[in-house]
Every structure is written in structure tokens, then in C-alpha cells.
There are 2 protein chains.
Amino acid sequence: MAAALTLAERGRGRTAPNPNVGCMIVKDGRVVGRGWTQAGGRPHAEAVALDRAGAAARGATVYVTLEPCAHASPRGPTCSDLLIEAGVARVVAALGDSDPRTDGSGIGRLRDSGVAVDIGVGEAAARRSMAGFLTRRALGRPHVTLKLATSLDGCIARADGESRWITGEAARAHAHLERARHEAILVGRGTYEADAPKLDVRLAGLDNRSPRRVLLTRSLDTVAGLTVVGAPERIADLDGVDHVLVEGGAGAASAFLAADLIDRLLIYRAPILIGGGRPAIGDIGLDRLADAHGRWRLVDQRMLGSDRLEAYERVRD
Amino acid sequence: MAAALTLAERGRGRTAPNPNVGCMIVKDGRVVGRGWTQAGGRPHAEAVALDRAGAAARGATVYVTLEPCAHASPRGPTCSDLLIEAGVARVVAALGDSDPRTDGSGIGRLRDSGVAVDIGVGEAAARRSMAGFLTRRALGRPHVTLKLATSLDGCIARADGESRWITGEAARAHAHLERARHEAILVGRGTYEADAPKLDVRLAGLDNRSPRRVLLTRSLDTVAGLTVVGAPERIADLDGVDHVLVEGGAGAASAFLAADLIDRLLIYRAPILIGGGRPAIGDIGLDRLADAHGRWRLVDQRMLGSDRLEAYERVRD
């Protein structure tokens, strides 16, 4: 399942409104097929993996990060039917599909046809992997990541605005990779006008993965090449966008935090002190320190050169 | 040597002007004696360990974090003579003692008497362990640690000053343990007047280890129970103080950083966001971002409950 989850990541930010699913088919201890949901949402991961496996899928075990679909579509047959036709022996799925058109009937159809089904293996990781799809389903809006690149003292620039560079090359490359995992990048007006950031993916082989650029501004002006939203909540209206990366500056970050619309924090921290610099975020409406606790859970951490990356998830229980 | 270094930590903050040395005596694979420099600097670690070992020291190997002393003192015989008298077979020392009264003559005396000597084992860790003694020797001032307890966005309080609590119990207990490892704790006038911190060690069994309290202020007033220094550089005058812990607030921290008098950063970070709060440090005289890089090296990190502790050392090459 860990391998299937890794495959699922390849589609992240490209499959909306479909979930980014990963699938691996194993027979006699050997991988015979791998697949992930393709750009635009089709073909599904299972269809790709079955196509690779061919006749070898007969009697095989299929690891898939989401319950195979059971609803017919003009864009292709259902994955449960494809799996039954291919004669697989067993399906291991991380998560049931809450889409009312499937919601257990994919599993039911498989079992009725004599395929063994296990569900719930790696569920927490699968939820994280398909956070965009699940957030859109549950809350009617995209999943939002706030990216901060700070010094040890929490500054994103010197007092005069100098911000190049706080983090090193490895951290900046990682941040570009993160861009490719989102359908949209959002900045505030101040950052746009001060830095005119290109907001593209400058990584070899991924330059065609640059996401849609969104500007948060109360102004009514339009800006060529940018989608304008007037308030954080308005990201719900962005069609085909299940993942938004908020890149800056402090104004946009604070507006999203104050609206409790940040689901994930990505903090790149350089081992430097700035002192009296520009803070990463402004007022977010915190009334008491006690209210700040219990909201963020560390889910990932790693060194990127001499910088440290930490990822936190918003705890919503 | 790792065990001897752990023993050395027990004396840290209590042995000035002597170094906090650790010593372990091993014979036939068994520990026969352990010792560390006692409060006030005497007896030395080797003397304590030899006393414990008794006759078992004959033919044993002695691990010690600093070259045994060779200079006679009214307070006791030299450690090299004690080791020779005890008939040890071998001495492994982490670091030569640069004290001109020893400086190689401890090793020389041992070798002349037929004791095998290795030097340099675990030298980097020993330098860190005896940073107070070595900094006083090299720079004529105590080793200075700056402690910060911040949110993820680098704040040490809300805008209105509320700062209890940012970090959790485990982090606060660790900070009290750190106090016990310093001869003096320093705060600025603002922190003293706003919080009137007790600056003692509130840990069971260590309550007699509360360090001297120092106030950084340009005012000429004296404050009962506190030593007053008028500028960061004046910590050099503090007799019997080889380790200073700067605890707050942003003014004192910035003054010490601007004077390049911070040797070690201890950052306790809670997984919370404050937003628009009080920054950990103010202006430290940084002219360009490029100048901020390469000054701090991560030397330790650990989780304390849900908080994270990171220790950085000032790179001085």
C-alpha cells in the first residue's frame, strides 16, 4: 500500500475533480502492474495498472488507495467491473469511496463476484494523500496549504523587504515541487506587486506542471494571466482546483488563517537570525494563547540542505 | 568516553573557574570508578574516580575528558601524580589542557612513568561539554546561551504581552534543567519588571542549583538579589561565572546578538501560531541577508512533548 500511495502522489494536483489514486498489482510476489489517475482524472489508476498487467492480473492481488468505482461513466467502464473481468483474486483498498454513486457498492460488487476485499489498510496516509478530493467532498472547497520560508526568528524578510534568499537551493527546489502538486497558487496583492513572482514550476521535466495563478485582492482590477478572488472563502468557486498553495505574503497568510482555511502548514526554516524583520503572519484573531494550542499536528519533517522542513496538519476533530 | 562526557555534564555550571571534567576507570571490561569535578572545582574528576576505584585502579584504563593536570596546588596533589601512584596502565583523554601550567606536561609526566596515553578521542564533544571553561580561557568571558521559547511564527508572546504558556510542561522542565547548568541567568530590565521572573530551578532535587541572577540595564539602580551589568560585554567581569543563560526578553537577546556574544541558541518551539505577536528578537544590526548565513550550526534536536527543541552553535572559524 505504501508503494500505491507513492504512485498516487504522482497525480496530486492534476486529477481534479477526481481523486488522485494509486494502484499496484502484485502476483506471486512480483509487481505486474502499476498505475495512477492520469491528468484530468481519467483513466483511473486501476485501469492503467490492469492495462500494464494484461493477462498477469488473473489471480493477482490489487493494492489501491481508494475503493474502486462502481458508477458507469461515459468516459469509461467502472473499475470494479474491470477488476472482475481481469479475474483478480484480491483487492486491498485503503479507503472507502464516499461518492454516493460508489460508497461501498464497488466493494460489494467485487465480493459478489468472489473477489476477496480488505479495506482500511493505510487509511490515514490515504486520507492525507487524497486530501484535496476529500476536502472538496467534505467542505465544498479545496485543500489549502500555507507555505512559509522563515528564519529561526520567524521572519520572511528583512525590515526593508529583502527576502532573497532566506532558504537554500534544496529548500527552494522542494517548494517548486510542492507547486507542481497543487492546481492553484495564491498570493496577495502586496507580494504580487512587490515581487511579481513568476509562480511557475522551475524544475527540469516539470515545467509543464505550473499551476493556475490566483491573486487575493479586494480590488476589482483584473490582472492578465491571474484569476482574482476577493476573499479567502471564494477559493471554493475555483473550478477544477482541489489543492491551493498560499505562497505569500503575510497579509494573504493571515487572511486565510483568520478564516480557518489553512489545512496544512509547510514551514521551511533556515538556520539564520534576521532580527527585527518582517513577520511571517500578522493578526489572525487569536484572543487567548490557550486557543492557539491543539490546532496543529506535526506530520512530516526533514532536512533540506541546512534548512529544515516541517509539515503540520490542522487538527479538525 | 561517551560515558565520561555524560559524567562531565553533572558538574556543568558549578565548577568555575575549573573545567567540568568527567572520568571513568575501566578494568577487565568492568567500570571500577567514576567521577566528575565537584562544585567549586575540587576535587577533580580523576581524584574522585580513583578514590572510588581504590586498589582496582592498578592496571586499569582511565577515560577522562581533559588532560590530567600537572600543576601542584594547595588544594590537592596533581591528577597525573595520583594516576601514576595508583598504577593505572593507560589514560585516554579527549582534549589537551591549554592551561600553561599543564599544556602537555600532564601527558608527558604520565608517559615518562610508563603509562600509555591516547589523546583526542571525542574531542569535539569534549569541547562542547567544557565550553564554559574553554570560552573563558580563549575569549576572557563566559560561554553564553540564548534561550527562546517561540511559536511557529517566531513570537514569544501575544501583542498584549501574554506569554503563558507557549511551550508545554516538558519543554519548561527542560528549560529549568538548563538553568541548573549555568552559573548565571540574565534578563533585561523590561522582562524583569513585566514578569518579575523568579529565575530559579524549580525541579525536585535541583532546587539548590539555582544560579546567580543578573540584570542587564543601563540604569544605575541596584536591585536586591540581582547583579547588575550595564552592557553585554560586562559579563566578562562576573567572577566564578563561566556559563551565562540569557533568558529574555527581546531587548536583552538583541543586545547580546548584536555584540556577537551568543555562542549557543536553545530554541523551544511550540506547534502554535500566534500572528502579529511579539517577535523573539529585535534589530541585531544585520545589513544584508547574505551576512546572516553560515553563522549557526544545528548541534542537537529533540521533541519535548509536542514542542521541539533545537540547539545551534555559533560557528566561529
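Here the structure is a predicted model, which means the values were calculated and not measured.

Caption draft 1: Inspection of the relation of the copies chain B and chain A at higher detail. Note on the copies: chain B fits chain A at an RMSD of 0.1 Å, the axial shift is 0.1 Å, and the rotation between them is 180 degrees. The transformation relating the two chain copies, once decomposed into turn and shift, fits a two-fold axis. Of the C-alpha atoms belonging to chain B, the one lying closest to the rotation axis is found on Gly154(B), 2.0 Å away. A symmetric contact is evident, with 100% of the interface residues of chain B recurring at the interface of chain A.

Caption draft 2: Broad picture of the environment of Ile281(A). Inspection of the secondary structure assignment puts Ile281(A) in the loop between strand E13 (278-279) and strand E14 (296-304). Its relative accessible area of 2% is what places Ile281(A) among the buried residues. Sequence separation between Ile281(A) and Gly248(A) is 33 residues; the distance between their C-alpha atoms is 9.4 Å. Not counting residues within four places of it along the chain, the set of residues in contact with Ile281(A) comprises Ala250(A), Ala253(A), Ser254(A), Leu257(A), Asp153(B), Leu273(B), Gly275(B) and Gly276(B).

Caption draft 3: How the structure looks around the interface of chain B and chain A. Between chain B and chain A, the residue contacts involve 36 residues of the former and 36 residues of the latter. Between chain B and chain A, the buried area comes to about 3100 Å², and carbon and sulfur atoms account for 62% of it. Counting across the chain B and chain A interface gives four salt bridges. Residues Glu310(B) and Arg269(A) are paired through a salt bridge, measuring 3.1 Å at the closest nitrogen-oxygen approach. The interface formed by chain B and chain A contains 16 residue pairs in polar contact (both at pLDDT 80 or more). Elements supplying a minimum of two residues to the side of chain B that touches chain A: strand E12 (264-269), strand E14 (296-304) and strand E15 (307-314) of chain B. When grouped by side-chain class, the residues that make up the side of chain B that touches chain A number 19 nonpolar, seven polar and 10 charged.

Caption draft 4: Structural detail: the pattern of salt bridges. Per the counting criterion, the structure on display carries 58 salt bridges over all chains. Between Arg128(A) and Glu313(A) there is a salt bridge whose closest N-O contact spans 2.5 Å. Here the residue Arg128(A) occupies a position in helix H5 (residues 123-129), and Glu313(A) occupies one in strand E15 (residues 307-314), the gap between them amounting to 185 residues. The exposure class of Glu313(A) is buried, given its relative accessible area of 16%. For Arg264(B), the salt bridge goes to Glu178(B), with nearest N and O atoms at 3.1 Å. A residue pair is termed long-range when its members are at least 10 positions apart, and Arg264(B) in strand E12 and Glu178(B) in helix H7 (residues 169-180) qualify at 86 residues. Assessed through its relative accessible area of 5%, Glu178(B) is described here as buried. Connected through salt bridges with shared partners, the residues Arg141(A), Asp260(A), Asp263(A), Arg295(A), Arg314(A) and Arg316(A) form a single ionic network.

Procedures and definitions
Residues numbered from 1 in each chain as written. Chains lettered and ligands numbered in written order. Predicted model: local features only at pLDDT ≥ 70, side-chain atom pairs only at ≥ 80, totals over all residues. Heavy atoms only, no water. Least-squares fit on C-alpha atoms with pLDDT ≥ 70 in both. Contact = heavy atoms within 4.5 Å. Helix = DSSP H or I, 4+ residues; strand = E, 2+ residues; numbered from the N terminus. Buried < 20%, exposed > 50% of the residue type's maximum accessible area, 1.4 Å probe, protein only. Buried area = accessible area lost by both parts, 1.4 Å probe. Salt bridge = Lys/Arg side-chain N within 4 Å of Asp/Glu carboxyl O. Polar contact = N/O pair within 3.5 Å; in protein donor to acceptor, adjacent residues only side chain to side chain. Nonpolar A, V, L, I, M, F, W, Y, C, P; charged D, E, K, R; others polar.

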